[in-house]
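# Chain and residue survey
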Amino acid sequence: MPDFCAAYGCSNERNEKTKQKGITFHSFPSDKQRRQSWTIALRREGFEPKDRTVLCSCHFRPEDFDKSGQTVRLRQGATPSIFKFPDHLSKQPSSSRLSRTSNRAIEESPHTPVRGRPDLFDQPISDHQYALDPVKAKEVGCVSGGVEKITVGT
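Everything numeric in this text was worked out from a predicted model, so none of it was measured.

### Things to note about the packing of aromatic side chains
- Applying the stated rule across the entire model yields four aromatic pairs.
- Taken together, the ring pairs in this structure connect Phe28, Trp38, Phe47, Phe60 and Phe65 into an aromatic cluster.
- One residue, lysine 67, lies across the ring of phenylalanine 65, its end atom 5.8 Å from the ring centre.

Written out as structure tokens, the structure reads:
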């Protein structure tokens, strides 16, 4: 019986072709909590993994693997985190789903001038002075572009 990757939109099948490409397949964990975290990461409604259900290595970060032996194994606690979800499965915050408190916080953010005191916000305010400035990072070449992956739980 062929083994296909259970991730949404992934058609990798366990065979010689994928083996030559270095793609490995990994069974769902037997531990209930880890099994549930893998299932949640897949974002497949009503999905319940079986004993033979597998995920391919394309859905794990390189640091999730232990390649020290003859067999490529997942490190303890590794959770799949690389997926290409369609728009309806991607987690995008919806303004209609924000609570009143969240909406109030947005309205009162430091980037919105206080009534009667526009002079208070002549200089941008940041509570994280240590934060990386993406414009400066891009100038130095620290930010890579062109690859679009959705990662979960990093």
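### A few points about helix 2 (residues 32–42)
- Buried within helix 2 we find Arg35, Trp38, Thr39, Ala41 and Leu42. Buried residues in helix 2, looked at end-on, bunch into an arc of 160 degrees, giving them a common side. Away from its buried face by more than 90 degrees, helix 2 exposes Lys32, Gln33 and Ile40.
- Looking at the buried side of helix 2, the elements it contacts are strand 1 (25–27), strand 2 (54–56), strand 4 (73–74) and strand 5 (82–83).
- Positive backbone phi, approximately 55 degrees, marks arginine 43, located one or two places after helix 2.

### Observations regarding the nonpolar core
- Cys5, Ala7, Leu42 and Leu55 are the most contacted members of the largest nonpolar core, which has 18 residues in total.
- Dropping the residues within four chain positions of it, cysteine 5 is found in contact with Cys10, Asn12, Phe25, Val54, Leu55, Cys56 and His59.

### Here we look at the side chain of threonine 53
- Looking at the secondary structure, you find threonine 53 in the loop between helix 2 and strand 2.
- Look at threonine 53 and you get buried, because its relative accessible area is 13%.
- At a separation of 2.7 Å, a polar atom in the side chain of threonine 53 contacts the main-chain amide nitrogen of lysine 50.
- Excluding residues that lie within four positions of it along the chain, threonine 53 makes contacts with Ala6, His26, Ser27, Phe28 and Phe47.

### Remarks on the environment of glutamine 76
- Considering the arrangement of structural elements, one finds glutamine 76 in the loop between strand 4 and strand 5.
- In this structure glutamine 76 comes out as exposed when scored by relative accessible area, which is 71%.
- In this structure the C-alpha to C-alpha distance between glutamine 76 and arginine 34, which are 42 residues apart in sequence, comes to 9.8 Å.

### Concerning the confidence of the model for the chain
- A residue-level look at the chain finds 57% of positions with pLDDT of 70 or above and a mean pLDDT of 74.
- For the chain, strand 6 (residues 150–151) is the element with the lowest average pLDDT, namely 54, and strand 2 is the one with the highest, namely 95.
- pLDDT under 50 marks residues 111–128. Its contacts with residues more than four places away, or in other chains, come to nine contacts.
- Across residues 140–148 the pLDDT falls below 50, and counting only partners more than four positions away or on other chains, this stretch makes five contacts in the model.

### Examining unusual backbone geometry
- One non-glycine residue, arginine 43, adopts positive backbone phi at about 55 degrees.
- By the element assignment, arginine 43 lies in the loop between helix 2 and strand 2.

### Quick notes on the pattern of salt bridges
- Tallying each qualifying case throughout the model produces four salt bridges.
- The partner of arginine 14 in a salt bridge is aspartate 3, with the nearest N and O atoms 3.3 Å apart. Of this pair, arginine 14 sits in the segment before helix 1 (16–20) while aspartate 3 is found in the segment before helix 1, placing the two residues 11 residues apart along the sequence.
- Residue aspartate 3 is classed as buried on the basis of its relative accessible area of 13%.

About the thresholds
- Residues numbered from 1 in each chain as written.
- Predicted model: local features only at pLDDT ≥ 70, side-chain atom pairs only at ≥ 80, totals over all residues.
- Heavy atoms only, no water.
- Phe/Tyr/Trp six-rings, centres within 6.5 Å; stacked < 30°, edge-to-face > 60°.
- Lys NZ or Arg CZ within 6 Å of the ring centre and 35° of its normal.
- Buried < 20%, exposed > 50% of the residue type's maximum accessible area, 1.4 Å probe, protein only.
- Helix = DSSP H or I, 4+ residues; strand = E, 2+ residues; numbered from the N terminus.
- Arc of directions from axis to C-beta.
- Contact = heavy atoms within 4.5 Å.
- Core = buried A, V, L, I, M, F, W, Y, C linked by side-chain atoms within 4.5 Å.
- Polar contact = N/O pair within 3.5 Å; in protein donor to acceptor, adjacent residues only side chain to side chain.
- pLDDT = per-residue confidence, 0-100.
- Salt bridge = Lys/Arg side-chain N within 4 Å of Asp/Glu carboxyl O.

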